[in-house]
Amino acid sequence: MTVDRSGVVVVGAGIAGTACAVELVRAGVPVQVRERGHVCGGRMASKRFGGRPADIGAAYFTADDPDFTAVVEQWRAAGLVREWTDTFQSYDRDGRRDVPGPMRFAAPRGLRSLVEHLASAVPVTVDRLVLTVEPGPTVDGQPCAAVALAMPGPQAALLLDPALADATRVVQAQGWSPTMAAVLRFPTRRWPDFRGAFVNDHPVLGLVCDDGDRRGDGAPVLVAHTVAEFAAGHLAQPTGAGPAVEQAVRDLLSLPEQAVDVHVHRWTYAKPTAHTAGATHHLDADGIGLAGDAFGKPQVQTAWRSGRDLGRALVARLT
C-alpha cells in the first residue's frame with residue numbers, strides 16, 4: 001500500500017483516530033487509517049462470549065460537550081446507544097452507598113459498535129502494522145503530507161524517530177497505568193441490583209459492572225476492572241489473574257456460585273495518569289499530530305474531541 005504524498009496517514013482506529021479521519025474526509029483531504037488490530041475501536045473494545053458482546057475496555061461514557069452530544073444523538077437515532085444509569089454503588093471500608101453522577105451511556109452491541117459507526121465513512125485498513133514514523137514526514141519509508149498518531153504515548157514513542165523531537169517530548173511526558181478487565185459469566189444472576197460499583201481501597205478491584213444490566217439483556221455477566229498495582233503484577237501472564245479477580249468479585253457481592261467462564265484481557269496502557277495540559281491535541285511543524293484521551297480527562301468524550309480538533313487543525317494546514 002502506497003501513501004498519497006498529499007494525504008494524511010492516521011495510525012490507530014480508536015475513537016480519536018476515527019474522529020480525526022472523519023474531519024479530513026469531510027474536507028476532502030486524502031486520508032488512510034491504519035489499525036494494527038483485527039477490528040477498529042481501540043479501548044472502546046467489545047468481545048463476544050457465547051454469542052453476545054461484552055465491553056472489555058471502556059465501561060461507559062458520558063457527554064456534556066455540545067458537539068459530542070450531537071454525535072451521541074446520532075448514535076441514539078441509529079439505535080446504537082442507550083441511557084444506562086446516573087447512579088453507581090461505592091464499596092469501601094464503611095460499607096456500600098449510592099453515588100449519583102452524570103448519565104452514563106451504554107451500547108447494546110458493545111461500545112466498539114460506536115467507533116465502527118463513525119468509521120463507516122472513512123478508509124480503514126485493519127491488520128496494518130506501522131513500524132516507523134520519520135522526518136519528512138514518512139511512514140514506513142513512504143512520504144505523506146502529515147501523520148496523526150492516535151494511541152497511548154508509550155506506543156507512539158516506539159514509532160517516532162528521535163529526530164522528531166517535539167512529538168517525542170510530548171509522548172514521553174505522558175504517564176499511563178495498566179488494568180486487567182475480567183469478563184465473568186455465571187450460571188444465574190445471584191447479585192443485588194447495583195448497575196456498576198466503584199471499589200475503593202481494594203487490593204484487586206477498582207470497578208465492577210453488571211454487563212447484563214449495561215447491555216439491557218439481563219445476562220448473568222459481570223465485568224471487573226482491576227487496580228493498577230494488581231495488574232502490574234500480571235502483565236506477563238494475564239490469564240493467571242483470573243482466579244484472584246473472580247474470588248474478589250464473589251467476596252464483594254457475596255456470590256455463592258463460581259463463574260462458569262472467566263476471560264481476562266490485559267490493558268498495559270489503560271488510563272493516562274499524566275496528560276498534556278491546556279491543549280486538546282498536538283500538531284508540530286514536522287507534520288506530526290498526536291491525539292487521544294491523554295489530552296484532558298481520561299474519557300471517551302476527551303478522546304473524540306482530541307481527534308476531532310486534530311483533524312480540523314490538519315485541514316486548516318493542508319487546505
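What you see as residue numbers is a count from 1 along each chain, following the sequence as written. Under the rules for a predicted model, residues below a pLDDT of 70 receive no local features and side-chain atom pairs below 80 are neither given nor counted, while totals for whole chains, interfaces and linings still include all residues. Values shown for side chains rest on all heavy atoms present in the structure; no hydrogens or waters enter the calculation.

1. What about the sheet that holds strand β12 (residues 175-185)?
Convention followed: At least two bridges found by DSSP between two strands are what make those strands a pair. Strands here are runs of E lasting at least two residues and helices are runs of H or I lasting at least four, both read from the DSSP assignment and numbered beginning at the N terminus. Lines fitted to C-alpha atoms define the axes here, with helix axes fitted over just the stretch in contact, and angles between the N-to-C directions of these axes take values from 0 to 180 degrees. Residues count as neighbours in contact if any of their non-hydrogen atoms are within 4.5 Å of one another.
Here we have 7 strands laid out as an open sheet, ordered β6-β5-β13-β14-β15-β12-β16, and mixed in their pairing. Looking at the sheet topology across the chains shown, the edges are occupied by β6 (95-106) and β16 (261-274). Averaged over neighbouring strand pairs, the angle between their axes works out to 20° when direction is ignored. Bridge count for strand β13 (residues 196-199) against strand β14 (residues 205-210) is 3 bridges, and the pairing is antiparallel. Bridging across to β14, Ala-197 finds its partner in Val-208. This element, helix α8 (residues 242-253), spans β5 (82-92), β12, β13, β14, β15 (221-226) and β16 of the sheet and lies at about 70° to β14.

2. So, the pattern of salt bridges
Basically, it comes down to this: Any carboxyl oxygen of Asp or Glu that lies within 4 Å of a side-chain nitrogen of Lys or Arg is treated as forming a salt bridge with it. Each residue gets one of three labels from its accessible area relative to the maximum for its type: buried under 20%, exposed over 50%, partly exposed in between, using a 1.4 Å probe on protein chains only.
Throughout the structure, instances matching the rule amount to 22 salt bridges. The partner of Arg-76 in a salt bridge is Glu-83, and the shortest N-O contact between them spans 3.7 Å. In this structure Glu-83 comes out as partly exposed when scored by relative accessible area, which is 42%. Connected through salt bridges with shared partners, the residues Arg-52, Asp-55, Asp-211, Arg-214, Arg-215 and Asp-217 form a single ionic network.

3. Comments concerning the sheet that holds strand β8 (residues 133-134)
As summarised here, the arrangement of the 3 strands in space is β8-β9-β10, forming an open sheet in which the pairing is antiparallel. A strand with exactly one partner marks an edge of an open sheet, and here the two such strands are β8 and β10 (142-143). Of the pairings in the sheet, the one linking strand β9 (residues 138-139) to β10 comprises 2 bridges and is antiparallel in character. Its bridge partner lying in β10, Val-139 is registered against Gln-142.

4. Comments concerning the side chain of Thr-62
Looking at the secondary structure, you find Thr-62 in the loop between β4 (52-55) and α2 (66-77). Every residue in contact with Thr-62, bar those within four places of it in the chain, is listed here: Phe-68, Pro-102, Met-103, Arg-104, Phe-105, Gln-299 and Gln-301.

5. Remarks on the packing of aromatic side chains
Remark: the centre distance and the inter-plane angle together describe each pair of aromatic rings, the angle taken between the planes. Condition: In this analysis, rings of Phe, Tyr and Trp, with Trp reduced to its six-membered ring, are considered paired at centre separations within 6.5 Å, and the interplanar angle assigns stacked below 30 degrees, edge-to-face beyond 60, and tilted for intermediate values.
Under the counting rule described, the total for this entry stands at 10 aromatic pairs. Ring geometry for Phe-88 against Phe-198: centres 5.0 Å apart, planes inclined by 45°, an arrangement best described as tilted. With a gap of 110 residues between them, Phe-88 in strand β5 and Phe-198 in strand β13 connect regions that are remote in the sequence. According to the relative accessible area criterion, Phe-88 is buried, its value standing at 0%. Ring centres 5.6 Å apart and planes at 70° place the aromatic pair Phe-186 and Trp-191 in the edge-to-face group. Residue Phe-186 is classed as buried on the basis of its relative accessible area, which comes to 5%.

6. Digging into the pairing of β14
Counting buried residues along β14, 5 of its 6 residues qualify, which places the element largely inside the surrounding structure. What sits between β13 and β14 in their antiparallel hairpin is a turn of 5 residues, with Asp-201 showing a positive phi close to 55°. Across 5 bridges, β14 lies against β15 in antiparallel orientation. Across the sheet, residue Cys-209 finds its bridge partner in β15, namely Val-223.

7. Re the domain arrangement of the chain
So the rule is basically this: Domain delimitation in this document rests on an assignment produced automatically or drawn from a domain database. Summed over both partners, the accessible area lost on bringing two parts together, with a 1.4 Å probe, is the buried area.
Domain boundaries assigned for the chain yield domain 1 (8-38 + 126-174 + 275-318) and domain 2 (87-107 + 176-272). Distance from the C-alpha centre of domain 1 to the C-alpha centre of domain 2: 31 Å. Opposite the 8 residues of domain 1 that make contact, domain 2 presents 4 residues. Of the roughly 570 Å² buried between domain 1 and domain 2, counting both surfaces, carbon and sulfur atoms make up 78%. Broken down residue by residue, the surface that domain 1 buries against domain 2 is led by Pro-152, Pro-154 and Pro-298, which jointly contribute 56%.

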